[in-house]
Amino acid sequence: MTTTARRIGRTLALVLPVALVLSGALAVTLVPWAGSSSSASPMLTASSQNVSVRAKARTPQDVLRDKLLTELQESSPSVALTHLQREVERRPSLAAHCMDIARSLGRAAVQRYGPTRAQSYARPVCDTSFAYGVAHQR
């Protein structure tokens, strides 16, 4: 019985890898790699347009920056700067990002109001980074 089992094992050891390679090669040739899409084809491709992609986790400073830029567009830079100052006082961990956010607000203010009017909103929030953003946007 051991010779029969050994013979079956050898046969499988030779035939199985060949069958797997051939089936993989056939599967690859059936995928429309060149992009010739036919709507009648029921085959599913790996690059489907309806695939949902997991969104990247947003950092608190990015969320705050987007919120303040929206406030700047809807009301005024002074409101956005006041809220920036309050948020930094409320959450000290944002202090490291305060200058970057204020510079972004300065650049956005120049785009919205022009350089002269944007400069009139400048005040000493985050070491005058708002004014720096205004000056470098010109």
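These remarks concern the structure in this document. (Residues numbered from 1 in each chain as written. Predicted model: local features only at pLDDT ≥ 70, side-chain atom pairs only at ≥ 80, totals over all residues. Heavy atoms only, no water.)

**Digging into the packing of helix α3 (residues 77–90) against helix α4 (residues 98–113)**
So, step 1. Here α3 crosses α4 at 170 degrees, and the two axes come no closer than 11 Å. For the element pair α3 / α4, the angle class is roughly antiparallel. On α4, the residues that touch P77, A80, L81, L84 and V88 of α3 are C98, I101, A102, L105, A109 and Y113.
So, step 2. Taken together, the residues of the contact of α3 with α4 sort by class into eleven nonpolar, no polar and no charged. (Axes fitted to C-alpha atoms, helices over the stretch in contact; angles between N-to-C directions. Helix = DSSP H or I, 4+ residues; strand = E, 2+ residues; numbered from the N terminus. Parallel < 35°, antiparallel > 145°, perpendicular 65-115°, else oblique. Contact = heavy atoms within 4.5 Å. Nonpolar A, V, L, I, M, F, W, Y, C, P; charged D, E, K, R; others polar.)

**Here's the deal with the nonpolar core**
So, step 1. Counting 22 residues, the largest nonpolar core has L68, L84, L105 and F130 as its most contacted members.
So, step 2. Of all the elements in the fold, those that place two or more residues in this core are α2 (60–74), α3, α4 and α6 (129–137).
So, step 3. Here this core takes eight residues from α4, the largest share from any one element.
So, step 4. Each residue touching L105, except ones within four places of it in the same chain, is listed here: L68, L69, L72, A80, L81, L84 and F130. (Core = buried A, V, L, I, M, F, W, Y, C linked by side-chain atoms within 4.5 Å. Buried < 20%, exposed > 50% of the residue type's maximum accessible area, 1.4 Å probe, protein only.)

Bear in mind that shape data such as this cannot, by itself, settle questions of function.
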